[in-house]
Amino acid sequence: MEPSEIQQETVASLQVAVVQMNSLEFDTALGQQPPDLALRARKERQRVQYARLALENAQLAAIRDQLLAHEAPLAQGRQQVAAALQNLQRVEDVVNTVSSFVDIVGRVVALV
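Residues numbered from 1 in each chain as written. Predicted model: local features only at pLDDT ≥ 70, side-chain atom pairs only at ≥ 80, totals over all residues. Heavy atoms only, no water.

A. Region of interest: the overall build of the protein chain. When its secondary structure is counted, the protein chain shows six helices and zero strands. Reading the secondary structure of the protein chain in the N-to-C direction produces α-α-α-α-α-α. At 14 Å, the protein chain has a C-alpha radius of gyration in line with the 13 Å of a compact globule built from 112 residues. In the protein chain, buried positions account for 41% of the 112 residues. When contacts within the protein chain are restricted to residue pairs at least 6 apart in sequence, long-range pairs at least 24 apart make up 81% of them. Surface summary for the protein chain: the accessible area is close to 6200 Å², and the carbon and sulfur share equals 49%. Within the protein chain, the 13 negative side-chain charges are centred at a point lying 6 Å from the centre of the 10 positive side-chain charges. (Helix = DSSP H or I, 4+ residues; strand = E, 2+ residues; numbered from the N terminus. Rg over C-alpha atoms; globule rule 2.2 N^0.38 Å. Buried < 20%, exposed > 50% of the residue type's maximum accessible area, 1.4 Å probe, protein only. Contact = heavy atoms within 4.5 Å. Areas by Shrake-Rupley, 256 points an atom, 1.4 Å probe, with all protein chains shown as cover. Lys, Arg positive; Asp, Glu negative; His and termini not counted. Charge placed at Lys NZ, Arg CZ, Asp CG, Glu CD.)

B. Just the pattern of salt bridges, in detail. Under the criterion given, the structure shown has seven salt bridges. The closest approach of N and O atoms between E9 and R78, which form a salt bridge, is 3.4 Å. Separated by 69 residues along the polypeptide, E9 in helix 1 (residues 3-21) and R78 in helix 5 (residues 71-84) bring together distant segments of the chain. Judged by its relative accessible area of 36%, E9 falls in the partly exposed class. We note a salt bridge from E44 to R47, for which the minimum N-O separation is 2.9 Å. (Salt bridge = Lys/Arg side-chain N within 4 Å of Asp/Glu carboxyl O.)

C. Molecular detail of the environment of V102. With respect to the element layout, V102 can be found in helix 6 (residues 91-108). Judged by its relative accessible area of 0%, V102 falls in the buried class. Linking V102 and Y50, residues 52 residues apart in sequence, is a C-alpha distance of 9.5 Å. Contact partners of V102, with chain neighbours within four places excluded, come to L14, E44, R47, V48, A51 and L111.

Here it is in structure tokens:
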């Protein structure tokens, strides 16, 4: 896969996560969770938004080698995020999966 395609698909997956994690369904599920998990989910939602913006705004030439080096984990992460987002009621699974994916994105583009 070309680096630009890896970048575009990863940004698209992060965008889907942002939309789903801001949905009424996910917010309702958060209200039924222990406070520490709900807080962690909200923090992770912000991290996903930042990761999407950072990756989307990164210059392709600057991250090309990192995209290629992490192509397989990014592809696997995109699949895992898509699967986790199918059941927003499983808040902890969504948060853990999205967190792992953002960690992989952080290997490609610096996340503060």
